[in-house]
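Chain by chain, the residues run as shown.
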Amino acid sequence: MNTRQLQLFVTIANLGSFSKAEKTEFMSKQAMLRQMNQLEDEVGEKLLLRNTAGITLTDAGKSFYEGARDILKLENDVFARCRESSPAQDSIRISYVEHQVLLNDVTEAFAVKYPDIRIHRVVHPNHSGEYRVEHDIADVGETFYSNLTAHSPLAYTKLADMPYLAAMAPKHPLSKKAVISVEDLAPYPIIVYEPMMKKEYLKELEQFHFLDVHSDVDAQVQAAFYCAETDTVLLTANHFVRTIPDLLTLPLAQDWSEEYGIIYRPNPSGIVRKYIDLAVAKYGANSASEAFYSERQKSFVIHYE
């Protein structure tokens, strides 16, 4: 049992639907169902009942719901007390996820430019940078653009359009090619991450018999190391693959890309604005001016399709 499972359980119970919960918890229905099954196995009781009307709680689930809410509130109170007890100092909390490296160079440059501002890299049991920012565990994080609608307290600034790469072992039969086409990949197993890939790209790849479609985006790092030792190819626009030792990355002939950016809460503090400005200056995607911030005083939900 972990904090993420408790948060998922409470959200699902509050919304009464896995479909509604995936839009706020940044996780596919299948992944949430696995987490809930694990939670019920550990508790030893059935907690959720699925029916045509949605999700309802069993008697055990109702008791567990009250306890889970108490635990989550206690956790938030502990974090708040820790922050309040720290000596007053300008600081910024940056969400750190192993397969999110877009902001690494920005953070290094920020530390040099603003040496008096303390930087906290937030490593939290929940793997979602979106969750950390929305729940005030971190001030900024990174994500890829999917859908932005007006009902969740997250603001988003585009940083870059990242091209898709074919990541493979240096000794892979395709490693001598300068550019990889989708057709080149036909004889080889391919790993893709459905939540991060546009539907039209997936449709084009469906012709391959060895397409391994994953829903858990947090498994990308393990997949990358696996591809470094086999004939399997990882297709991704996430440029963390460039940081994996012994992994060759080649561009795709297809003009495929994904938009990546920085997330933060609306009305960012002056320090967070400085960080966003530096990120934008590095990637050159937007003009992060006072007018820009004023225009962005909206609420967005960022979720994966």
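Structure first, text after, so check above.
Residues numbered from 1 in each chain as written. Predicted model: local features only at pLDDT ≥ 70, side-chain atom pairs only at ≥ 80, totals over all residues. Heavy atoms only, no water.

A. Molecular detail of the pairing of strand 10 (residues 233–236). By the alternation rule, side chains of strand 10 split into Val233 and Leu235 and Leu234 and Thr236, which are all buried. In the sheet, strand 7 (residues 165–168) pairs with strand 10 via three bridges, with the strands oriented antiparallel. Along strand 10, the bridge assignment pairs Ala167 with Leu234. (Buried < 20%, exposed > 50% of the residue type's maximum accessible area, 1.4 Å probe, protein only. Helix = DSSP H or I, 4+ residues; strand = E, 2+ residues; numbered from the N terminus. Pairing = 2+ DSSP bridges.)

B. View of the pattern of salt bridges. Evaluation of the coordinates by the stated rule reveals nine salt bridges. The partner of Arg93 in a salt bridge is Asp136, and the shortest N-O contact between them spans 2.7 Å. Placement of the pair is Arg93 in strand 3 (residues 91–95) and Asp136 in the loop between helix 6 (129–134) and strand 5 (140–144), with a sequence separation of 43 residues. Judged by relative accessible area, which is 11%, Arg93 ranks as buried. Residue Asp136 is classed as partly exposed on the basis of its relative accessible area of 31%. As a salt-bridge pair, Asp161 and Lys158 come within 2.8 Å of each other at their nearest N and O atoms. (Salt bridge = Lys/Arg side-chain N within 4 Å of Asp/Glu carboxyl O.)

C. Molecular detail of the environment of Glu130. Residue position: Glu130 is located in helix 6. Accessibility expressed as a relative area gives 1% for Glu130, which makes it buried. Between the C-alpha atom of Glu130 and that of Gly141, which follows or precedes it by eleven residues, the distance is 6.9 Å.

D. Just the nonpolar core, in detail. One finds Ile92, Leu235, Ile262 and Tyr275 to be the most contacted residues of the largest nonpolar core, which totals 62 residues. Residues in contact with Ile262, not counting those within four places in the same chain, are Leu103, Val140, Gly141, Glu142, Ala155, Tyr156, Thr157, Leu159, Tyr275, Ile276 and Ala279. Residues Phe18, Leu39, Leu47 and Phe64 belong to the second largest nonpolar core, which totals 17 residues. (Core = buried A, V, L, I, M, F, W, Y, C linked by side-chain atoms within 4.5 Å. Contact = heavy atoms within 4.5 Å.)

E. Representation of the packing of helix 5 (residues 104–113) against helix 9 (residues 270–283) in the model. Where helix 5 meets helix 9, the closest approach of the two axes is 10 Å, and the angle between their N-to-C directions is 120°. On the basis of their axis angle, the class for helix 5 and helix 9 is oblique. For the crossing formed where helix 5 meets helix 9, the hand is right-handed. Facing helix 5, whose interface residues are Asp105, Val106, Thr107, Ala109, Phe110 and Lys113, helix 9 presents Ile271, Lys274, Tyr275, Leu278, Ala279, Lys282 and Tyr283. (Axes fitted to C-alpha atoms, helices over the stretch in contact; angles between N-to-C directions. Parallel < 35°, antiparallel > 145°, perpendicular 65-115°, else oblique. Left-handed = near helix turned anticlockwise from the far one by under 90°.)

F. Structural detail: the packing of aromatic side chains. Enumeration according to the criterion identifies six aromatic pairs in this entry. Ring centres of Tyr201 and Trp256 lie 4.4 Å apart, and the angle between their planes is 10°; on these two criteria the pair is classed as stacked. Remark: Trp256 occurs in the loop between strand 11 (248–251) and strand 12 (257–264) and Tyr201 occurs in helix 7 (residues 199–205); sequence separation between them is 55 residues. Tyr201 sits in the buried class, given a relative accessible area of 9%. Since its relative accessible area comes to 6%, Trp256 is described here as buried. Among the aromatic side chains, those forming a connected cluster through ring pairs are Phe110, Tyr114 and Tyr275. The aromatic ring of Tyr283 is capped on one face by Lys282, whose charged end is 5.4 Å from the ring centroid. (Phe/Tyr/Trp six-rings, centres within 6.5 Å; stacked < 30°, edge-to-face > 60°. Lys NZ or Arg CZ within 6 Å of the ring centre and 35° of its normal.)

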